Amino acid sequence: EEAMQDVQESKPQVSIDEFRHAIDTALERGELAPVDTPLTHYHTDDLYARRIVVPAGSFFTTMVHKSDHIAVALRGRIVLIDQNQASAEIVAPEVFVTKAGTQRMVVVLEECEWVTVHHCTEQDDDKVKDVLCCETMKEYEEQKLLGVAV
């Protein structure tokens, strides 16, 4: 509870792009160390799922997903802050839906493990990200206008 209160009281008043840039800059300067996040991919003919483990104390920004998907928090505790500065604490076990066009800052309070499930026919793990996600909200809005994103 105390950690969640600290996050809410110090909720960033920066955009997600600014937050991502600050993380990238700190990594380049050696002020932050990259974090190993084991990732496992699962495929069926028309579904793709990924399972990830992220250590406590980590923070990062998410990609912008082009369509709705299901997220399953298997264990751990995180705080999500979206592009509108709305925050939510997720305590596993939990299942929720992420809507297309959502981008978040994530603060990992307790080591977390979660799975996301997407409609996707791409079978190449290296290409799935480009099929499902945009790097920035600007890219998402452009693809939405072109009918590529939902």
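Preceding this paragraph is the structure being described.
Residues numbered from 1 in each chain as written. Predicted model: local features only at pLDDT ≥ 70, side-chain atom pairs only at ≥ 80, totals over all residues. Heavy atoms only, no water.

Novice: Report on the pairing of strand S1 (residues 39-43), specifying residues and quantitative values.
Specialist: Bridge count for S1 against strand S2 (residues 47-54) is 5 bridges, and the pairing is antiparallel. Looking at the pairing, Thr 40 lines up with Arg 51 of S2. Remark: 3 residues form the turn of the hairpin made by S1 and S2, two consecutive strands paired antiparallel. (Pairing = 2+ DSSP bridges. Helix = DSSP H or I, 4+ residues; strand = E, 2+ residues; numbered from the N terminus.)

Novice: Now, about the pattern of salt bridges: what can you tell me, with residues and values included?
Specialist: Under the definition given, this model contains 9 salt bridges. For the salt bridge of Arg 51 with Glu 113, the shortest nitrogen-to-oxygen distance reads 2.6 Å. Of this pair, Arg 51 sits in strand S2 while Glu 113 sits in strand S8 (residues 104-119), and the two are 62 residues apart along the sequence. Using a relative accessible area of 31% as the deciding quantity, one classes Arg 51 as partly exposed. Residue classification places Glu 113 among the buried residues on the basis of a relative accessible area of 12%. One salt bridge in this structure joins Arg 75 and Glu 111, with 2.7 Å as the shortest N-O distance. Pair noted here: Arg 75 is in strand S5 (residues 69-82) and Glu 111 is in strand S8, with a separation of 36 residues, a long-range link. Here the salt bridges share partners, and the residues they tie into one network are Arg 51, Arg 75, Glu 111 and Glu 113. (Salt bridge = Lys/Arg side-chain N within 4 Å of Asp/Glu carboxyl O. Buried < 20%, exposed > 50% of the residue type's maximum accessible area, 1.4 Å probe, protein only.)

Novice: Describe helix H2 (residues 16-28), and please don't skip the residues or the numbers.
Specialist: Helix length check: H2 (13 residues) gives 18 Å between terminal C-alpha atoms against 18 Å at 1.5 Å per residue, within 8%. Among the residues making up H2, those that are buried are Ile 16, Phe 19, Arg 20, Ile 23, Thr 25 and Ala 26. Residues of H2 that are buried make contact with strand S3 (59-61), S5 and S8. Two residues or fewer after H2 comes Gly 30, characterised by a positive phi angle close to 80°. (Expected span 1.5 Å × (residues − 1). Contact = heavy atoms within 4.5 Å.)

Novice: Describe in detail the packing of aromatic side chains, supporting the description with residues and values.
Specialist: Enumeration according to the criterion identifies 2 aromatic pairs in this entry. With 6.1 Å between their ring centres and 50° between their planes, Phe 19 and Phe 59 make a pair best called tilted. With a gap of 40 residues between them, Phe 19 in helix H2 and Phe 59 in strand S3 connect regions that are remote in the sequence. Note on Phe 60 and Trp 114: the rings are 6.3 Å apart at their centroids and 15° apart in plane angle, and the pair reads as stacked. A residue pair is termed long-range when its members are at least 10 positions apart, and Phe 60 in strand S3 and Trp 114 in strand S8 qualify at 54 residues. A relative accessible area of 22% means that Phe 60 is categorised as partly exposed. (Phe/Tyr/Trp six-rings, centres within 6.5 Å; stacked < 30°, edge-to-face > 60°.)

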